[in-house]
Amino acid sequence: MKSDLSKLGLDCKWQDLTEGMQIYGEGTSVKFKTGEWTSIKPELDNEKCIHCLMCIPVCPDSCITVIPGTHARGPLDYDHCKGCGICVKTCPTGALTMEGVK
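Analysis parameters
Residues numbered from 1 in each chain as written. Predicted model: local features only at pLDDT ≥ 70, side-chain atom pairs only at ≥ 80, totals over all residues. Heavy atoms only, no water. Helix = DSSP H or I, 4+ residues; strand = E, 2+ residues; numbered from the N terminus. Buried < 20%, exposed > 50% of the residue type's maximum accessible area, 1.4 Å probe, protein only. Contact = heavy atoms within 4.5 Å. Areas by Shrake-Rupley, 256 points an atom, 1.4 Å probe, with all protein chains shown as cover. Salt bridge = Lys/Arg side-chain N within 4 Å of Asp/Glu carboxyl O. Pairing = 2+ DSSP bridges.

Asker: Can you help me understand the overall build of the protein chain in this one?
Answerer: Across its full length, the protein chain carries three helices and four strands. Each helix and strand of the protein chain, ordered N terminal to C terminal, gives the series α-β-α-β-β-α-β. For the protein chain, the proportion of its 102 residues judged to be buried stands at 24%. Within the protein chain, residue pairs in contact and separated by at least 24 positions form 56% of the contacts whose partners lie at least 6 positions apart. For the protein chain, the exposed area adds up to about 7400 Å²; of that, 58% sits on carbon and sulfur atoms.

Below you can see the structure in the form of structure tokens.
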């Protein structure tokens, strides 16, 4: 059965979706905004951040980036952040805190 990515939107009936446990296509994790369901998200205080980069390897969804060619932390990817808070627990300076989604 060939999967149709266009049927994975919110505007279709459940009967029109492809079967579970299937690979729907390449790059699907980038196409789906999986962070939309969370009610909390990490907020960064740039004044407290020392760019130690401890938060980057612990993020299970790779939502914290490094600016290419530097050792500086990049922006947070809220489109894919699930709000787990692991980065907040790891931050040694308290630069990351969990806040409610606005």
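Asker: What's the story with the pattern of salt bridges in this structure? I'm lost.
Answerer: Side-chain pairing between opposite charges can occur once the charged atoms of the two side chains come close. Under the defined criterion, the tally for this structure stands at two salt bridges. Across the salt bridge formed by lysine 41 and glutamate 43, the nearest N and O atoms sit 3.6 Å from each other.

Asker: What is the right way to read unusual backbone geometry from this model?
Answerer: Most peptide bonds take the trans form, and the phi angle of most residues other than glycine is negative. Phi is positive for histidine 51, which is not a glycine, with a value near 55°. Residue placement: histidine 51 occurs in the loop between strand S1 (40-44) and helix H2 (55-58). On the basis of relative accessible area, histidine 51 is assigned to the partly exposed category, the value being 34%. Not every positive phi belongs to a glycine, and serine 62 is a case in point at roughly 50°.

Asker: Whenever I open this one, the pairing of strand S3 (residues 73-76) confuses me. Can you help?
Answerer: For a regular strand, side chains alternate in direction, first toward one face of the sheet and then toward the other. Across two bridges, strand S2 (residues 64-66) lies against S3 in antiparallel orientation. Its bridge partner lying in S3, isoleucine 64 is registered against leucine 76. Hairpin remark: S2 followed by S3, antiparallel, with six residues in the connecting loop; positive phi at glycine 69, about 80°.

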